Amino acid sequence: MSTLKAVRGTRDLLPPETELWNHIEATARRVFARYNFGEIRTPIFEDTSLFARGVGEETDIVSKEMYTWEDRARAQSEKSQSLTLRPENTAGVVRAYIEHKLGETGLLQKLFYIGPQFRRERPQKGRYRQFWQIGAEVIGPPSAGSESPLRDAEVIEMLATLLDELGIVGWKLEINSVGSSADRARYVAALREALAPVKDRMCEDNQRRAETNPLRVLDSKDAGDQEIIDGLPKIAEYLDAESTENFRQVLAALNACAVPYTVNPRLVRGLDYYTRTTFEFTHGGLGAQNALLGGGRYDGLSEVLGGPKAPGIGFAMGEDRLVLTLQAQAAEAKAALADAFVAPLGEGLNAEALKLARELRGAGLRVELGDGGFRLKKSFEMGNKLARKIVLLGEDELSSGMLTVKDFATGEQVKIARTNLTEALR
Ligand code: AMP
């Protein structure tokens, strides 16, 4: 009999890796609690039409990636129904908001979720068919402040805090505004006009997008088309005064908290109920699938699903990608050389060498300590394996306060005053 394996695009999470998953989830829960979010758990499958309406029929997710089946009626009183494994969680949260009349509280609903999502994508590093998202939504009646640009900035600032608290180093935030649906309609008309004379020179995919959904041309990674895309009109030029002011306020609040960002005019979403702010956090260590998370405002979604006016903003973070990033960082840290190898020249200098290592470590340097019992040759060999530089501490060095430092990469050997040593080793 052939052995059974986990289905393509799915995988088992085993110890010790599951500890890292739990750590990420615990950190997210702790940060969400400080911002006063509460947890929501929606069903893993829903009526297919929720996603057709809430994510959009023309998206890749709905048109080709959903796990959908016909659920047969089991009794005469039941109807058969088309069901779908959730490909994302925003539609489910907004459905629950409407179903439980959460808007009637008159307050903002701040809800987070953690759970698996399902998409039939081509599996590769960082892209799976069952993957985990950690996400949150801030949604409510306009009287509760749900339309305020402060909500956008607050959510983005929370994400910067969460990534920092997780210890993710080197994340980048890209942000843009897609304006109101009227702004976007004017922009799409301008894009069509600009694409008409050049689209024949673009790849097949982009020729099709230029016809069906010109905004998607902006996402294209096709190398040959980049020059044309860079020359296309930018959405910022089509925002009306209100949308422009709104975006300015989001950025001003981020500036006030010193959250670094880049405005990326190509970051757009194609559907009408996406409005104003869109953003993405990326990480260079992830390769082709470099998005850690994506989010944005969806002021028209509740109405599309038959609910009351309930502007909202949210995001979804790829937990699998957080795990990959943290694992890569840990492997890199393990492989990295120490800043210095401190070598006492003789056993009588061991205590002084420990004192020097303590000084350097206190300044945040990564330091290996040799032993005065080693011969000089052995100290150099060991230092070369473990550190970028070796610091020799002999009687002369101790009394003169001038230490001998050799850089293993360049072979250069210099005398450095003890007071300047930390700077020289950094
Ligand atoms: P989206 O719902 O498409 O905006 O995706 C939000 C985030 O979920 C992305 O930035 C990724 O980090 C993550 N993500 C989306 N699709 C996948 C997938 N197939 N496998 C792993 N992570 C994913």
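Every value quoted in this text rests on a predicted model; they were computed, and no experiment measured them.

Peer 1: I'd love a proper account of the sheet that holds strand S4 (residues 81-85), names of residues and values included.
Peer 2: Read from one edge to the other, the open sheet built from three strands follows the order S2-S4-S3, with strand pairing classed as antiparallel. For this open sheet the edge positions go to strand S2 (45-47) and strand S3 (68-71), each flanked by a neighbour on one side alone. Each adjacent strand pair in this sheet contributes to an overall mean axis angle of 35°, direction not counted. Note: S2 against S4, three bridges, orientation antiparallel. Looking at S4, one finds that Phe45 is bridged to Leu85. Along the sheet face, helix H2 (residues 48-56) touches S2, S3 and S4 and points at about 80° away from the line of S2.

Peer 1: For the environment of Arg129, give the residues involved together with the corresponding values.
Peer 2: On the secondary structure map, Arg129 appears in the loop between strand S5 (109-118) and strand S6 (130-139). With 65 residues separating them along the chain, Arg129 and Lys64 place their C-alpha atoms 13 Å apart. Not counting residues up to four positions away in its chain, the partners in contact with Arg129 are Arg8, Gly9, Tyr67, Gln117, Phe118, Arg119, Arg120, Glu121 and Pro123.

Peer 1: Can you lay out the pairing of strand S14 (residues 387-393) for me, pointing to particular residues and giving the numbers?
Peer 2: Burial runs high along S14: six of the seven residues are buried. Two strands pair when backbone bridges link them, and strand S12 (residues 338-344) and S14 are joined in this way by six bridges, in the parallel orientation. Across the sheet, Val342 pairs through a bridge with Val391, a residue of S14. Here S14 runs beside strand S15 (residues 402-407); their pairing, made up of four bridges, is antiparallel. Looking at the pairing, Val391 lines up with Val405 of S15.

Reading the values: rules and limits
Residues numbered from 1 in each chain as written. Predicted model: local features only at pLDDT ≥ 70, side-chain atom pairs only at ≥ 80, totals over all residues. Heavy atoms only, no water. Pairing = 2+ DSSP bridges. Helix = DSSP H or I, 4+ residues; strand = E, 2+ residues; numbered from the N terminus. Axes fitted to C-alpha atoms, helices over the stretch in contact; angles between N-to-C directions. Contact = heavy atoms within 4.5 Å. Buried < 20%, exposed > 50% of the residue type's maximum accessible area, 1.4 Å probe, protein only.

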